[in-house]
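# Working through the structure, step by step
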Amino acid sequence: AQSVTQLGSHVSVSEGALVLLRCNYSSSVPPYLFWYVQYPNQGLQLLLKYTSAATLVKGINGFEAEFKKSETSFHLTKPSAHMSDAAEYFCAVKGNNDMRFGAGTRLTVKP
Amino acid sequence: GAGVSQTPSNKVTEKGKYVELRCDPISGHTALYWYRQSLGQGPEFLIYFQGTGAADDSGLPNDRFFAVRPEGSVSTLKIQRTERGDSAVYLCASSLDGDGSYNEQFFGPGTRLTVL
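Not measured: the values here are computed from a predicted model.

Another point: the overall build of chain B. Counting its regular elements, chain B contains zero helices and 11 strands. For chain B, the succession of helices and strands along the chain, N to C, is β-β-β-β-β-β-β-β-β-β-β. Relative to the 2.2 N^0.38 estimate, which gives 13 Å for 116 residues, the radius of gyration of chain B is 13 Å and therefore close to what a compact globule would have. Seen through its C-alpha atoms, chain B measures out along the principal axes to roughly 40 × 25 × 25 Å. Looking at chain B as a whole, 45% of its 116 residues qualify as buried. Where the 11 positive side-chain charges of chain B centre and where its 13 negative ones centre are 11 Å apart.

Right under this line is the structure:
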């Protein structure tokens, strides 16, 4: 069965610093992987998705993620954090009929 | 509307009561999903509709939970004899298609259910 694990429930960075949010997956078949962002009192918004076309995936708001099969990882990065990036981030893998989410990582950006 | 909408945005009820949560998917989306998000957790799958039929209800926690989508568009999640443990945000999502495809799921803002 497919699943994802997010390492670190809270990450704090300074404005302008690198953002790195970690996600490892488990899947018996080639996975479809996603990163979603959730702002307070809002629904989840898709940042990017991996569907095997390219290992480096670029998303919205300057985020990108690299699929590494050897490490079973799909970490999310952004070179320079902005205050508006403060939110909850969820990694997810497509299951048979559902999306399976990690527990989430709350990103705090300090001025 | 352009996105997935859910009503009500907040629902407070008493233990033992019955509640209905509504989801309006994006027009033309045949697949509809319900998830439950507890505090500090990621969303957990409840049920998936392809058209009018529940193609997968394996995530429903027990028989107090039921969902319908009679005309293949709007869906209602129904919870009988609510318990305090049912308190969570209930999220609805829709996509163009389901069935193992990687079509993006578009999420609504959720309904926050509080059972006192």
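Checked against the element boundaries, A:Lys78 lands in strand β8 (residues 73-78). Every residue in contact with A:Lys78, bar those within four places of it in the chain, is listed here: A:Ala17, A:Leu18, A:Val19, A:Asn61, A:Gly62, A:Phe63 and A:Asp85.

Attention shifts here to the interface of chain B and chain A. The partner chain A presents 20 residues to the 21 residues of chain B that form the contact. Overall, the association of chain B and chain A removes approximately 1700 Å² of surface from exposure, summing both partners, and the carbon and sulfur fraction of that is 56%. The interface formed by chain B and chain A contains zero salt bridges. Summed over the shared surface of chain B and chain A, the number is three residue pairs in polar contact (both at pLDDT 80 or more). Broken down by secondary-structure element, the contributors of at least two residues to the side of chain B that touches chain A are β4 (31-37) and β5 (44-50) of chain B. Counting residues per element, the side of chain B that touches chain A draws most heavily on β4(B), at three residues. Here the residues of the side of chain B that touches chain A are counted per class, giving nine nonpolar, eight polar and four charged.

This next bit is on the layout of surface pockets. Computed from the structure, the largest pocket encloses a volume of approximately 540 Å³. Lining of the largest pocket is provided by 25 residues; of these, A:Gln38, A:Asn41, B:Gln37, B:Val89 and B:Arg112 occupy positions nearest its centre. When contributions to the lining of the largest pocket are tallied by element, the ones reaching two or more residues are β9 (87-94) of chain A together with β9 (88-95) and β11 (111-115) of chain B.

Attention shifts here to the pairing of strand β7 (residues 64-68) of chain A. All names here are of chain A. Burial of β7 is one-sided: the residues Ala 65 and Phe 67 facing one way are buried, the residues Glu 64, Glu 66 and Lys 68 facing the other way are not. When β7 meets β8, the two strands line up antiparallel, connected through five bridges. Residue pairing across strands places Glu 64 opposite Thr 77, the latter belonging to β8. Adjacent in sequence and paired antiparallel, β7 and β8 are bridged by four residues, among which Thr 72 carries a positive phi angle near 45 degrees.

Attention now goes to the sheet that holds strand β1 (residues 5-7) of chain B. All names here are of chain B. The strand order across the open sheet built from four strands is β1-β3-β8-β7, with neighbouring strands paired in antiparallel fashion. The open sheet has two edge strands, β1 and β7 (65-68), and neither has a second partner. Taken over all neighbouring pairs, the strand axes of this sheet differ in orientation by 15 degrees on average, direction set aside. In this structure, β1 lies alongside strand β3 (residues 19-24), joined through three bridges in antiparallel fashion. By the bridge assignment for β3, Ser 5 is matched with Asp 24.

What follows is about the packing of aromatic side chains. Enumeration over the complete set of coordinates arrives at 14 aromatic pairs over all chains. The interplanar angle of 50 degrees and the centroid separation of 6.1 Å between the aromatic rings of A:Tyr50 and A:Phe74 together place this pair among those described as tilted. Here A:Tyr50, found in strand β5 (residues 44-50), pairs with A:Phe74, found in strand β8; they are 24 residues apart in sequence, far enough to count as distant. The same class applies to A:Tyr50 and to A:Phe74, which are both buried. Put simply, the rings of A:Phe34, A:Tyr36, A:Phe90, A:Phe101, B:Tyr33, B:Tyr35, B:Phe45, B:Tyr48 and B:Phe107 touch in pairs and so form one group of aromatic residues.

How each quantity is defined
Residues numbered from 1 in each chain as written. Chains lettered and ligands numbered in written order. Predicted model: local features only at pLDDT ≥ 70, side-chain atom pairs only at ≥ 80, totals over all residues. Heavy atoms only, no water. Helix = DSSP H or I, 4+ residues; strand = E, 2+ residues; numbered from the N terminus. Rg over C-alpha atoms; globule rule 2.2 N^0.38 Å. Buried < 20%, exposed > 50% of the residue type's maximum accessible area, 1.4 Å probe, protein only. Lys, Arg positive; Asp, Glu negative; His and termini not counted. Charge placed at Lys NZ, Arg CZ, Asp CG, Glu CD. Contact = heavy atoms within 4.5 Å. Buried area = accessible area lost by both parts, 1.4 Å probe. Salt bridge = Lys/Arg side-chain N within 4 Å of Asp/Glu carboxyl O. Polar contact = N/O pair within 3.5 Å; in protein donor to acceptor, adjacent residues only side chain to side chain. Nonpolar A, V, L, I, M, F, W, Y, C, P; charged D, E, K, R; others polar. 1 Å grid on protein atoms, 1.4 Å probe; cavity = no way out; pocket = protein on both sides within 12 Å on 5 of 7 lines; lining within 4 Å. Points joined across faces, edges and corners; volume = space filled by probe spheres on them. Pairing = 2+ DSSP bridges. Axes fitted to C-alpha atoms, helices over the stretch in contact; angles between N-to-C directions. Phe/Tyr/Trp six-rings, centres within 6.5 Å; stacked < 30°, edge-to-face > 60°.

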